[in-house]
Amino acid sequence: MSDKIIHIITGGQRSGKSEYGEEIALSLDDKPTYLATSKCWDDEFRKRVEIHKIRRTSNWTTIEETLHLSKIKTVNKVLFIDCITLWLTNVMDEFKYDPELSYDFVVKEWNVLCEKNNIVIAITNEIGLGVIPMEKATRQFIDLQGKVNQYIAKKATKVDFMVSGIPIHTKG
């Protein structure tokens, strides 16, 4: 298996990112690893998570980790991460919404995770295309998400942007 393959899939909410990424992962490995980063905050979100779980076949090994992605022991596999945005939400919460501490933590975790000999396919959200929010905390999160997306995309070997279920290849 090749090392240092990092494929980032970004786009808006419900643009088909996860389904597309799952298809790629299964085309590269008949038993990929699914790294789920989300916490379930309420019943509505729990239903969203269930949709993802139902879609996965027994081929997948699922690991749930909401903060320390670098602790994942998976090596020489296809590692599918869903998603960077929800992971970043958890990190911001952990660091009391301090953008600098959150960014430093994410960069260190991401670098260690990507040093392992895995093919990484990661889903993230492009949330900076809309109106600038009135609330300071929301603006800080959007700014941090954009900064993190730029960092991981620069290190990626491939980046796709999803629009209405159609991938637009932007890098690699």
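Before reading on, note that the structure itself is shown above.
This section reports on the structure supplied with the text.

Thresholds applied
Residues numbered from 1 in each chain as written. Predicted model: local features only at pLDDT ≥ 70, side-chain atom pairs only at ≥ 80, totals over all residues. Heavy atoms only, no water. Helix = DSSP H or I, 4+ residues; strand = E, 2+ residues; numbered from the N terminus. Buried < 20%, exposed > 50% of the residue type's maximum accessible area, 1.4 Å probe, protein only. Contact = heavy atoms within 4.5 Å. Expected span 1.5 Å × (residues − 1). Polar contact = N/O pair within 3.5 Å; in protein donor to acceptor, adjacent residues only side chain to side chain. Salt bridge = Lys/Arg side-chain N within 4 Å of Asp/Glu carboxyl O. Phe/Tyr/Trp six-rings, centres within 6.5 Å; stacked < 30°, edge-to-face > 60°. Lys NZ or Arg CZ within 6 Å of the ring centre and 35° of its normal.

Thoughts on the side chain of S18
Reasoning step 1: Residue placement: S18 occurs in helix α1 (residues 17–28).
Reasoning step 2: Under the relative-accessibility criterion, S18 is labelled buried at 8%.
Reasoning step 3: Not counting residues within four places of it along the chain, the set of residues in contact with S18 comprises H52, R55, F80, D82 and I123.

Describing helix α5 (residues 136–155)
Three or four residues apart is the spacing at which side chains of an α-helix point the same way, because the helix has 3.6 residues per turn.
Reasoning step 1: Here α5 is 20 residues long and its end C-alpha atoms lie 29 Å apart, about the 28 Å a rise of 1.5 Å per residue gives.
Reasoning step 2: Turning to α5, its buried residues number three or more, namely F141, I142, L144, Q145, V148, N149, Y151 and I152.
Reasoning step 3: On the buried face of α5, the contacting elements are β1 (5–11), α3 (84–94) and α4 (99–115).

Quick look at the environment of I84
Reasoning step 1: On the secondary structure map, I84 appears in helix α3.
Reasoning step 2: Taking the C-alpha atoms as reference points, I84 and N125, separated by 41 residues in sequence, lie 7.6 Å from one another.
Reasoning step 3: Sequence-distant contacts of I84, that is, excluding residues within four places in its chain, are made with W110, A122, I123, T124, Q145, V148 and I152.

Examining α4
Reasoning step 1: The terminal C-alpha atoms of α4, which comprises 17 residues, lie 24 Å apart, in line with the 24 Å expected from a rise of 1.5 Å per residue.
Reasoning step 2: Here α4 has its buried residues at P99, S102, Y103, F105, V106, V107, E109, W110, L113 and C114.
Reasoning step 3: As for α4, its buried residues are in contact with β1, β4 (78–82), α3, β5 (119–123) and α5.
Reasoning step 4: The N-terminus of α4 is capped by D98, whose side-chain oxygen sits 3.0 Å from the backbone nitrogen of E100.

Things to note about the pattern of salt bridges
Where side chains of opposite charge bring their charged atoms close, a pairing between them can arise.
Reasoning step 1: Summed over the entire model, instances satisfying the criterion amount to 1 salt bridge.
Reasoning step 2: D29 is paired through a salt bridge with K77; the nearest N and O atoms lie 3.3 Å apart. One end of the pair, D29, is in the loop between α1 and β2 (33–36); the other, K77, is in the loop between β3 (61–64) and β4, and 48 residues separate them in sequence.
Reasoning step 3: For D29, a relative accessible area of 10% translates into the label buried.
Reasoning step 4: On the basis of relative accessible area, K77 is assigned to the partly exposed category, the value being 22%.

Looking at the environment of A137
Reasoning step 1: The residue A137 is located in helix α5 in this model.
Reasoning step 2: Judged by relative accessible area, which is 35%, A137 ranks as partly exposed.

Topic: the environment of K154
Reasoning step 1: By secondary structure assignment, the location of K154 is in helix α5.
Reasoning step 2: Judged by relative accessible area, which is 64%, K154 ranks as exposed.
Reasoning step 3: C-alpha of K154 to C-alpha of L67: the two residues are 87 residues apart in sequence and 22 Å apart in space.

A word on the packing of aromatic side chains
Reasoning step 1: Counted according to the given criterion, the structure contains 5 aromatic pairs.
Reasoning step 2: Between the aromatic rings of Y34 and F80, the centroid separation amounts to 5.1 Å while the plane-to-plane angle is 55 degrees, which identifies the pairing as tilted. With Y34 in strand β2 and F80 in strand β4, this residue pair connects regions lying 46 residues apart in the sequence. In this structure, Y34 and F80 share a single accessibility class: buried.
Reasoning step 3: The structure contains a cluster of three or more aromatic residues connected by ring pairs, namely Y34, W60 and F80.
Reasoning step 4: For K147, the ring lying beneath its charged end belongs to Y103, and the centroid distance is 4.2 Å.

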